[in-house]
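Here's the letter readout for the chains.
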Amino acid sequence: MSYDKPIHRIAIVGTGVIGASWAAQYLARGFDVVATDPAPNAEENLRKYVDEAWEELTAIGLSTGASRDRLSFNANMKEALSNADLVQENAPERPEFKIKLFADMDEATPVDSIIASSSSGITPSVMQTNCKHPERVLVGHPFNPPHIIPLVEVVGGSKTSPEAIQQAIAFYASIGKKPIHLKKELPGHVANRFQAALYREMLYLIEQGVLSVEDTDAAVCYGPGLRWGVMGQSLQWHLGGGAGGIKHFMDHLMDPLQGMMKALGTPDITPELKQTVMDGVMREASGRSVDQLAQDENRVLIGLLKLRGLDAEASASATESGPA
Ligand SMILES: NC(=O)c1ccc[n+]([C@@H]2O[C@H](COP(=O)([O-])OP(=O)(O)OC[C@H]3O[C@@H](n4cnc5c(N)ncnc54)[C@H](O)[C@@H]3O)[C@@H](O)[C@H]2O)c1
């Protein structure tokens, strides 16, 4: 099976936190979007989310044909998927549930259409277990919120065809996302593993009484985190090596860094440690609601994307190759 048909119609399965954001993203890129979710009020909540995100998406830059009127909702999943060129699945994160859901989605979706899961931790080999056409099932894992953060981790399962993976990568790139291809399946894919690795050490330093919660966060977001929003760590080391670049870094600075890696800790995550973190976070939030904090963060992220030219890239690439 070749997976080269143009993608015009997107189906969103599950319209919670991630599905609603994906729906907004695809509408902003000029697609027809049909969403499905069995929850009462799902359509109302989805439309409210899209309305609220539209201002941010407008600031990022809308593609030709982008319109909230192109969103439809159909609680009947079979009908919703019958014409989909790409399905983006965002239902609850439980392996047995996803295995059954993927078998049902596989039945309902045209055989030459891609079915991508947003799953953060379940591998595609598990999800495609009972599919008759597992070759088009893969993970397209976004980073929250998908309508702002460009990263999408693409990974196939043991029965996924390389052509389906290539089409998914090309598609995500064409709408301004930054797809990366994981050549092997891993629990948690990769970006969440990076977060887990960093957070292990952050919690360890809090547990050991080295830092308060607030100073641990400050050390990340006023230090290396600022640079990580611009360049990845390996390229950063090239700068860290000075005129000698990455070679100098590897020859002279890698050994001390390895020594530091060996000294990293693993915290014992007790109820007391959890309470310490919760208390610290509430002090940091200082009365601001989760929604308020998310809005504040999104505003800064959009500014950063603009500085990096990624918003322009997103609207330009989608306008050139988009579906409108
Ligand atoms: N929350 C995150 O930060 C995040 C980030 C990246 C990926 N993900 C992944 O996205 C997926 C969804 O996570 P979420 O945080 O949006 O969860 P959520 O609980 O906010 O949303 C799940 C939605 O699925 C719906 N649902 C339940 N049964 C369904 C069915 N049979 N068909 C269709 N929809 C159904 C629910 O009504 C709900 O609206 C998970 O696989 C998760 O791992 C989450």
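Let me begin by describing the structure that accompanies this report. Only a predicted model underlies this, so the values are computations on that prediction, with no experimental measurement involved.

The rules behind these values
Residues numbered from 1 in each chain as written. Predicted model: local features only at pLDDT ≥ 70, side-chain atom pairs only at ≥ 80, totals over all residues. Heavy atoms only, no water. Helix = DSSP H or I, 4+ residues; strand = E, 2+ residues; numbered from the N terminus. 1 Å grid on protein atoms, 1.4 Å probe; cavity = no way out; pocket = protein on both sides within 12 Å on 5 of 7 lines; lining within 4 Å. Points joined across faces, edges and corners; volume = space filled by probe spheres on them. Nonpolar A, V, L, I, M, F, W, Y, C, P; charged D, E, K, R; others polar. Axes fitted to C-alpha atoms, helices over the stretch in contact; angles between N-to-C directions. Parallel < 35°, antiparallel > 145°, perpendicular 65-115°, else oblique. Contact = heavy atoms within 4.5 Å. Near = heavy atom within 4 Å. Polar contact = N/O pair within 3.5 Å; in protein donor to acceptor, adjacent residues only side chain to side chain. Areas by Shrake-Rupley, 256 points an atom, 1.4 Å probe, with all protein chains shown as cover. Pairing = 2+ DSSP bridges. Core = buried A, V, L, I, M, F, W, Y, C linked by side-chain atoms within 4.5 Å. Buried < 20%, exposed > 50% of the residue type's maximum accessible area, 1.4 Å probe, protein only. Phe/Tyr/Trp six-rings, centres within 6.5 Å; stacked < 30°, edge-to-face > 60°. Lys NZ or Arg CZ within 6 Å of the ring centre and 35° of its normal.

Looking now at unusual backbone geometry. Residue Asn 144 is joined to Pro 145 through a cis peptide bond whose omega torsion reads -5°. Positioned with a positive phi, Asn 41 is a non-glycine residue whose angle comes to about 70°. Among the structural elements, Asn 41 can be located in the loop between β2 (32-36) and α2 (42-60). In this model, Ser 286 sits at a positive phi of 45°, which is unusual for a non-glycine residue. On the secondary structure map, Ser 286 appears in the loop between α12 (271-285) and α13 (290-308).

What follows is about the layout of surface pockets. Looking at the second largest pocket, its volume works out to about 650 Å³. Around the second largest pocket, the lining comprises 17 residues; the ones closest to its centre are Tyr 49, Glu 56, Ala 294, Gln 295 and Asn 298. Of all the elements, α13 adds the most residues to the lining of the second largest pocket, at 7 residues. By residue class, the composition of the lining of the second largest pocket is 8 nonpolar, 4 polar and 5 charged.

Interhelical geometry of helix α10 (residues 233-240) versus helix α11 (residues 245-262) gives an angle of 100° and a closest axis separation of 8 Å. Classified by the angle their axes make, α10 and α11 are roughly perpendicular. Contacts between α10 and α11 involve Ser 234, Trp 237, His 238 and Gly 240 from the first element and Gly 245, Ile 246, Phe 249, Leu 253 and Leu 257 from the second.

A few words now on the site of the ligand. Neighbouring the ligand are 21 residues; Val 17, Ile 18, Asp 37, Glu 93 and Lys 98 lie closest to it. One nitrogen or oxygen atom from the main chain of Gly 16 is found 3.4 Å from an oxygen atom belonging to the ligand. Residue Glu 93 places a side-chain N or O atom 2.6 Å away from an oxygen atom belonging to the ligand. When the ligand sits alone it has 830 Å² of accessible area, and the protein chains cover 71% of it. Those elements that place two or more of their residues in the shell around the ligand are α1 (17-28), α4 (95-108) and β6 (137-142). Its residues placed into classes, the shell around the ligand shows 9 nonpolar, 9 polar and 3 charged.

Following the sequence through the fold, Thr 109 ends up in the loop between α4 and β5 (114-117). A polar atom in the side chain of Thr 109 sits 2.7 Å from the backbone oxygen of Met 105. Leave out the neighbours within four places in its chain, and Thr 109 touches Leu 81, Ala 84, Val 87, Ile 115 and Arg 136.

The next point concerns the sheet that holds strand β3 (residues 71-73). On the basis of which strands lie adjacent, the open sheet formed by 8 strands has the order β3-β2-β1-β4-β5-β6-β7-β8 and mixed pairing. At either margin of the open sheet sits one strand with a lone partner, and together these are β3 and β8 (178-181). Adjacent strand axes in the sheet meet at a mean angle of 25°, parallel and antiparallel pairs treated alike. Looking at chain direction, β2 and β3 are connected through 3 bridges and run parallel.

Now for the nonpolar core. If you look at the biggest cluster of nonpolar residues, it comprises 33 residues, and the most contacted ones within it are Ile 10, Ile 12, Tyr 26, Phe 31, Val 33, Phe 171 and Tyr 172. When residues of this core are traced back to their parent elements, those giving at least two are β1 (9-13), α1, β2, α2, β5, β7 (151-156) and α6 (162-174). Ranked by residue count, the leading element in this core is α1, at 7 residues. The next biggest cluster of nonpolar side chains, apart from the first, holds 22 residues, and it includes Ala 84, Phe 102, Met 105 and Met 127.

What follows is about the side chain of Ser 113. You can see Ser 113 is positioned in the loop between α4 and β5. Engagement of the side chain of Ser 113 in a polar contact is seen with the side chain of Lys 5, the distance being 2.8 Å. In this structure, Ser 113 is in contact with Tyr 3, Lys 5, Ala 84, Asp 85 and Arg 136, ignoring residues within four places of it in sequence.

One pass over the structure, following the stated rule, counts 7 aromatic pairs. Seen from their ring centres, Tyr 26 and Phe 31 are 6.1 Å apart, and the 85° between their planes marks the pair as edge-to-face. No difference in accessibility class separates Tyr 26 from Phe 31, as the two residues are buried. Summarising the aromatic geometry, the rings of Phe 171 and Tyr 172 are spaced 5.7 Å apart at their centres and angled 50° between planes, so their arrangement reads as tilted. Since its relative accessible area comes to 0%, Tyr 172 is described here as buried. Grouped by ring-pair contacts, the aromatic residues Trp 22, Tyr 26, Phe 31, Phe 171 and Tyr 172 constitute a single cluster. Across from the ring centre of Phe 97, 5.0 Å away, lies the NZ or CZ of Arg 94, which sits over that ring.

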